[in-house]
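Listed here are the chains, written in short residue letters.
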Amino acid sequence: MQDALLAEFAARHGRAPQGLVRAPGRVNLIGEHTDYSEGFVLPMAIERGVWIAFAPLDRPAVELHSGTLGAEGRLDLTRLDEPPGGWLEYLRGVAGVLAAHGHLLTGWQGAVASDLPVGSGLSSSAAFELALAHVFLALEGSRLDPAALALLAQEAENRWVGVQCGIMDQLACSAGRQGSALLIDCRSLDLRPVPIPAEAVVAILDTGTRRSLHGSAYNERRAQCEAGARHFGHAVLRDVTSEEFDRRAGELDPVVRRRCRHVLAENARTLEAADALEAGDLARVGALMVQSHASLRDDFEVASPALDAMVEAALATDGCFGARMTGAGFGGCAVALVRRDAADGFCACVAERYRRATAHEPAVFVSAPAAGARVLFHESPDGGGLRLR
Ligand code: ADP
Ligand code: MG
């Protein structure tokens, strides 16, 4: 992927790229739809991601080609108030946020490649945002820590793209650690690396379906959680205790009540799952994942028939500790925790079971927890030589 991208950049622009950045996608093991209530999540960065090869331009514009989308676009950095639409909104968003935070934007041309499925809940959007931010910062000659970068990327998606996502996607992609999932407190942004025990692997189960509702249903869920929190006199559901909930849940609109019940229970499950994973109690982690899926299906109502069928196929297959939908939902991917020595047979068998149960073509693959977004190389022209980070 990397060599092909470097060659493609050279063929397209008649010069070698000056730098290359990479940002991973992420899969969330548990803690779904809790981040925007300042709760807990347990994601990991994965081995698939987005690459951008780049070189500076002497004019204030970004010229970008995405091999993933087969599309080309241009953004005038002096006209950030003009929405370019589509995928270039992410570019405008990242540029706009960096400019608003006082960064100096340089023009550049770039080529994008990715082995992350788009719109499948593995956060190709966060990976793309972080890769873009790394290019701008590398050209400016500045660095930010992973949490600060994640906040900028989230702001780009919230304010400019218009999806009110929480911090999980950007922080997992930005701060990923090889070998570990990350327990994230979405209020303090504290991270606790939780190693995946050697006897287990994480399998990603793409249903081959893509969500149709995009941001609207997501923003609606978020508004329902905020309404629920307000009912209990809090700004976010993180602060509602189970005692408060039990006492006054009956006064709530039934839909909002179910949304709140999911978030409160999911936060407790996520903390317990992190401890169980650390203690090597894979059966317990698996059981919590199964509970999480049921709660997302019945209370939060963000699953889909395809996601349910995939989880069922995984749970019926030898070696599976547990499985659930992952990401915002309505389609996309499920995730399973699987016995390492059963992983190959598991992937083949789940795919076959799912194919038989639905009309969709799945993709099933294993990923180890990977490192976060980074500059792979940047050949700085002002005497810096080849900088490897
Ligand atoms: P997810 O983050 O789950 O993959 P989103 O709908 O949040 O799904 O983000 C997908 C969008 O991100 C794409 O429609 C596109 O606009 C942008 N995107 C992601 N990867 C790339 C890429 N490699 N090239 C161009 N745009 C991309
Ligand atoms: Mg996204």
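Cut-offs applied
- Residues numbered from 1 in each chain as written.
- Chains lettered and ligands numbered in written order.
- Predicted model: local features only at pLDDT ≥ 70, side-chain atom pairs only at ≥ 80, totals over all residues.
- Heavy atoms only, no water.
- Axes fitted to C-alpha atoms, helices over the stretch in contact; angles between N-to-C directions.
- Helix = DSSP H or I, 4+ residues; strand = E, 2+ residues; numbered from the N terminus.
- Parallel < 35°, antiparallel > 145°, perpendicular 65-115°, else oblique.
- Left-handed = near helix turned anticlockwise from the far one by under 90°.
- Contact = heavy atoms within 4.5 Å.
- Nonpolar A, V, L, I, M, F, W, Y, C, P; charged D, E, K, R; others polar.
- Salt bridge = Lys/Arg side-chain N within 4 Å of Asp/Glu carboxyl O.
- Buried < 20%, exposed > 50% of the residue type's maximum accessible area, 1.4 Å probe, protein only.
- Domains from an automatic or database assignment.
- Buried area = accessible area lost by both parts, 1.4 Å probe.
- Polar contact = N/O pair within 3.5 Å; in protein donor to acceptor, adjacent residues only side chain to side chain.

A. Geometry of the packing of helix α10 (residues 305–315) against helix α11 (residues 343–357). Relative orientation of the contacting elements α10 and α11 amounts to 135 degrees, with a least axis distance of 9 Å. One element, α10, and the other, α11, form an angle in the oblique class. In this structure, α10 meets α11 at a crossing whose hand is right-handed. Residues Ala-306, Ala-309, Met-310, Ala-313 and Ala-314 of α10 form the contact with α11, whose own contacting residues are Phe-346, Val-350, Arg-353 and Tyr-354. Counted by class, the contact of α10 with α11 contains eight nonpolar, no polar and one charged residues.

B. Inspection of the packing of helix α2 (residues 88–100) against helix α3 (residues 124–140) at higher detail. The interhelical angle for the contact between α2 and α3, taken along N-to-C directions, is 50 degrees, at an axis separation of 9 Å. Looking at the two axes, α2 sits oblique to α3. Of the two possible hands of crossing, α2 and α3 adopt the one that is right-handed. Across the interface between the two elements, Tyr-90, Leu-91, Val-94, Ala-95 and Leu-98 from α2 touch Ser-125, Phe-128, Glu-129, Leu-132, Ala-133, Phe-136 and Leu-137 from α3.

C. Representation of the pattern of salt bridges. A full pass over the atoms with the stated rule returns 31 salt bridges. Across the pair Glu-89 and Arg-92 runs a salt bridge whose closest N-O atoms are separated by 3.2 Å. Placement of the pair is Glu-89 and Arg-92 together in helix α2, with a separation of three residues, close to one helical turn. Classification of Glu-89 as buried rests on a relative accessible area of 11%.

D. Inspection of the domain arrangement of the protein chain at higher detail. What the domain assignment lists for the protein chain is domain 1 (2–188) and domain 2 (196–367). Taking only C-alpha atoms into account, the centre of domain 1 sits 25 Å from that of domain 2. Overall, the association of domain 1 and domain 2 removes approximately 3,400 Å² of surface from exposure, summing both partners, and the carbon and sulfur fraction of that is 61%. Sorting the residues of domain 1 by area buried against domain 2 places Ile-30, His-33 and Tyr-36 first, and these three jointly supply 21% of that buried surface. On inspection of domain 1 and its partner domain 2, the count reaches three salt bridges. Note that Arg-324 and Glu-32 form a salt bridge whose closest N and O atoms lie 2.8 Å from each other. Summed over the shared surface of domain 1 and domain 2, the number is 23 residue pairs in polar contact (both at pLDDT 80 or more). Counting only elements with at least two residues in the side of domain 1 that touches domain 2, the list comes to β1 (19–28), β2 (40–41), β3 (43–56) and β7 (180–185).

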